[in-house]
Amino acid sequence: MKHILTIVFAVLVLVSCKEEKKTNEDIATVATNADAKLQDIAYESFGKKITSSDAISAKRMAVHYANMTVGDSIDAKMIAKVEEVCQSKGCWMKLDLPDGEEVMVKFKDYGFFMPKDISGREVVINGKAYVNEVPVDEQRHYAEDGGATAEEIAKITEPKKTYSFLADGVLLNVKN
């Protein structure tokens, strides 16, 4: 009886390892296909020098964010479209995620800024993705930097859970 249990356990371990390997191959194939697409794009670099290889899509990053809670963070590299940029000096930007969500991107140590006229363009960002709660005064500051009216700023009255990203490097697609 003892030998049968050992054999059953060994078979289960082998089967579970085989399935894990298949999942990793599927992910690698997706990343390789995405990399092939990204390699043909010309980028302008800001901050730390990064490459577009292994960047995940905004759709896939949204899944990671959905599984995170306030205080969680992960190392990430993602590709997304710019929705808005700080019009004061380019010190932050917002990126589109599926389903109307967005990511608030700041730049590590304010070491670099982005051009103010890049809304609608594609970027690759590298750094730390995290979820936090933004206080009212900080939301109002961002709204003011973004060019919001006094009435729009006054409507901000509650802290807001946000998807955030601290980027150490950014690639800006020069063709779109």
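For clarity, every value in this text was computed on a predicted model and none was experimentally measured.

What counts, and at which threshold
Residues numbered from 1 in each chain as written. Predicted model: local features only at pLDDT ≥ 70, side-chain atom pairs only at ≥ 80, totals over all residues. Heavy atoms only, no water. Salt bridge = Lys/Arg side-chain N within 4 Å of Asp/Glu carboxyl O. Helix = DSSP H or I, 4+ residues; strand = E, 2+ residues; numbered from the N terminus. Buried < 20%, exposed > 50% of the residue type's maximum accessible area, 1.4 Å probe, protein only. Core = buried A, V, L, I, M, F, W, Y, C linked by side-chain atoms within 4.5 Å. Contact = heavy atoms within 4.5 Å. Pairing = 2+ DSSP bridges. Right-handed = clockwise from strand over helix to strand, strands pointing away.

This part is about the pattern of salt bridges. Any two side chains of opposite charge can pair, on the condition that their charged atoms come close. Following the criterion strictly, the structure yields six salt bridges and no others. Between Asp 168 and Lys 48 there is a salt bridge whose closest N-O contact spans 3.7 Å. Note that Asp 168 is positioned in strand 7 (residues 160-173) and Lys 48 in the loop between strand 1 (43-47) and strand 2 (56-57), a separation of 120 residues in sequence. Take Lys 48: its relative accessible area is 46%, and that puts it in the partly exposed class. Between Glu 84 and Lys 94 there is a salt bridge; the shortest N-O distance is 3.8 Å. Within this pair, whereas Glu 84 is found in strand 3 (residues 73-85), its partner Lys 94 is found in strand 4 (residues 92-96), the two being separated by 10 residues in sequence. By relative accessible area, Glu 84 is classed as partly exposed at 21%.

Take the nonpolar core next. In a soluble, globular protein the nonpolar side chains are often hidden away together inside. Core analysis: the biggest nonpolar cluster contains 30 residues, and Tyr 65, Met 93, Ile 125, Phe 165 and Val 170 have the highest contact counts within it. Of all the secondary structure elements, the ones that give two or more residues to this core are helix 2 (58-66), strand 3, strand 4, strand 5 (102-107), strand 6 (122-134) and strand 7. Other than its neighbours up to four places away in sequence, Ile 125 contacts Ile 50, Ala 76, Lys 77, Met 78, Met 93, Leu 95, Val 105, Phe 165, Ala 167, Gly 169 and Val 170.

We now examine the pairing of strand 3. Relative to strand 3, strand 2 is paired through two bridges, and the arrangement is parallel. Bridge pairing in strand 3 places Ile 56 opposite Met 78. One crossover worth recording links strand 2 to the parallel strand 3 by way of helix 2, and it is right-handed. Pairing between strand 3 and strand 6: nine bridges, direction antiparallel.

Looking now at unusual backbone geometry. In this model, Asp 99 sits at a positive phi of 65°, which is unusual for a non-glycine residue. Within the fold, Asp 99 resides in the loop between strand 4 and strand 5. The phi angle at Asp 109 is positive, at roughly 55°, despite the residue not being glycine. Within the secondary structure layout, Asp 109 lies in the loop between strand 5 and strand 6. Judged by relative accessible area, which is 68%, Asp 109 ranks as exposed.

Moving on, we get to the environment of Leu 166. The residue Leu 166 is located in strand 7 in this model. For Leu 166, a relative accessible area of 34% translates into the label partly exposed. Here Leu 166 is in contact with Lys 106, Phe 107, Lys 108, Asn 126, Gly 127, Lys 128 and Tyr 130, once residues within four sequence places are set aside.

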